Amino acid sequence: MPIASPEVYTEMLSRAKSEGFAYPAINVTSSQTLHAALRGFAEAESDGIVQISTGGAEFLSGASIKDMVTGSVAFAEFARVVADKYPVNIALHTDHCPKNKLDGFVRPLLEISKERVAKGQEPLFQSHMWDGSAVELEENLQIAEELLAASKAARTILEIEVGVVGGEEDGIVGEINEKLYTTPADALRTAEVLGLGEKGYYLTALTFGNVHGSYKPGFVKLRPEVLKNAQDAIAEKHGTAQAFDFVFHGGSGSTIEEIHEAIGYGVVKMNIDTDTQYAYTRPVVDHILKNYDGVLKIDGEIGSKKVYDPRSYGKAGEVGMANRVAEAAQQLKSAGNKMK
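Cut-off values and rules
Going along each chain's sequence as written, the residues are numbered from 1 onward. Only residues with pLDDT of 70 or above have their local features reported here, since the model is predicted, and side-chain atom pairs are shown and tallied only from 80 upward, although totals for entire chains, interfaces and linings are computed over all residues. The side-chain values count all of the structure's non-hydrogen atoms but skip hydrogen atoms and water molecules. In this description, a nonpolar core means a group of buried Ala, Val, Leu, Ile, Met, Phe, Trp, Tyr and Cys residues linked to one another through side-chain atoms lying within 4.5 Å. For every residue, the accessible area obtained with a 1.4 Å probe (protein chains only) is divided by the maximum for its type, and the residue is called buried under 20%, exposed over 50%, and partly exposed between those limits. Here a strand is any run of E in DSSP of at least two residues, a helix any run of H or I of at least four, and the numbering for each starts at the N terminus. The contact criterion used throughout is that any non-hydrogen atoms of two residues lie within 4.5 Å. We count a salt bridge whenever a side-chain nitrogen from Lys or Arg sits within 4 Å of a carboxyl oxygen from Asp or Glu.

Moving on to the nonpolar core. Within the largest apolar cluster, 71 residues are counted, with the highest numbers of intra-cluster contacts made by Val50 and Leu92. In terms of residue count, the dominant contributor to this core is helix 4 (residues 68-83) (7 residues). The residues contacting Leu92, other than those within four sequence positions of it, are Ile3, Val50, Phe75, Ala76, Ala79, Arg80, Leu124, Phe125, Gln126 and Ser127. Membership of the second largest hydrophobic core comes to 16 residues, among which are Phe21, Leu203, Val247 and Met339.

Following this line, the structure appears as structure tokens:
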């Protein structure tokens, strides 16, 4: 199937909300990890979201080039060609973008999509994230309001973050403290500034103890009831039940019960990066350790081309990551729910 149109993406998210599941949003950094994500979604019979971060976009442009827009455009165009061969709907998204990178990442990409739409084409990406967690709420929402208007003109969806995700991802660091828990007042102010759909469609990453990185179960102290309290506050003031469509960040180490509870409160998208990185790298390491004397030319020998050929371990990495993507689809209950 082709990359999801704005209408298909909106329907995907609407179905997730109404039918009680969420989409895995898989960070990728290369053509190989893109194929792993697509393969995992296809094998799980799940539609899904593939995303790149600022660092991923730089890497995709070439390690010596480091241009986020170039990497993003190249990635999106490549994804359009290869995704067409997989029998699932895929949306393309850009992940965490802090204030100091907006002018080199999200804003020019929105402008590209706006130009494409003016020519009767689909937008380049289907959604973009503005990460305002490092600035005060009012500045966060002021920037979000501007980006939401641009996003609406580009026929894309905006994702915002209200609150702070702990840990570190692509240089964005959040301390692990009470700021990890968004308040109902923050949710009400968000609705007051951005509206509830009339100004444009946005996804909301309210924070409920989320932490980026790799952690054992129990380390991350999640409070999914934060999401329920936010929805209840909006319903009480505006009369709209479950008005927000939520995004779950920093979910490594979360229990299935916590994930399902969060979905019940309106989570439609869950970011997965750390776990899929490991799932890709683990088989590669296994290949190298098992074929050490073939991968390397030891003591003047010639090694084995079959085992140092990047395709040999790249295929193993793809399978490992695809399996983890399919597992995520099962956990989020999107498996078997692809749109016909």
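Let us now look at helix 7 (residues 184-194). Turning to helix 7, its buried residues number three or more, namely Ala187, Thr190, Ala191, Val193 and Leu194. Elements that come into contact with the buried residues of helix 7 comprise helix 6 (137-153), strand 5 (157-162), strand 8 (202-206) and helix 8 (225-238). One or two positions beyond helix 7, positive phi appears at Gly195, with a value near 80°.

So, about the pattern of salt bridges. With the rule as written, the count across this model stands at 17 salt bridges. Between Asp245 and Lys17 there is a salt bridge, and its shortest N-O distance comes to 2.5 Å. On the criterion of sequence distance, the pair formed by Asp245 in the loop between helix 8 and strand 9 (246-248) and Lys17 in helix 1 (residues 6-19) is long-range, its members being 228 residues apart. Bridged by salt links that share partners, the residues Arg39, Glu43 and Glu318 form one connected network.

Bringing the environment of Leu60 into the picture now. Looking at the secondary structure, you find Leu60 in helix 3 (residues 54-61). Judged by its relative accessible area of 24%, Leu60 falls in the partly exposed class. Between the alpha carbons of Leu60 and Val73 there is a distance of 9.5 Å; along the sequence they are 13 residues apart. Setting aside residues no more than four positions away along its own chain, Leu60 makes contact with Thr29, Ser30, Ile52, Gly71 and Phe75.

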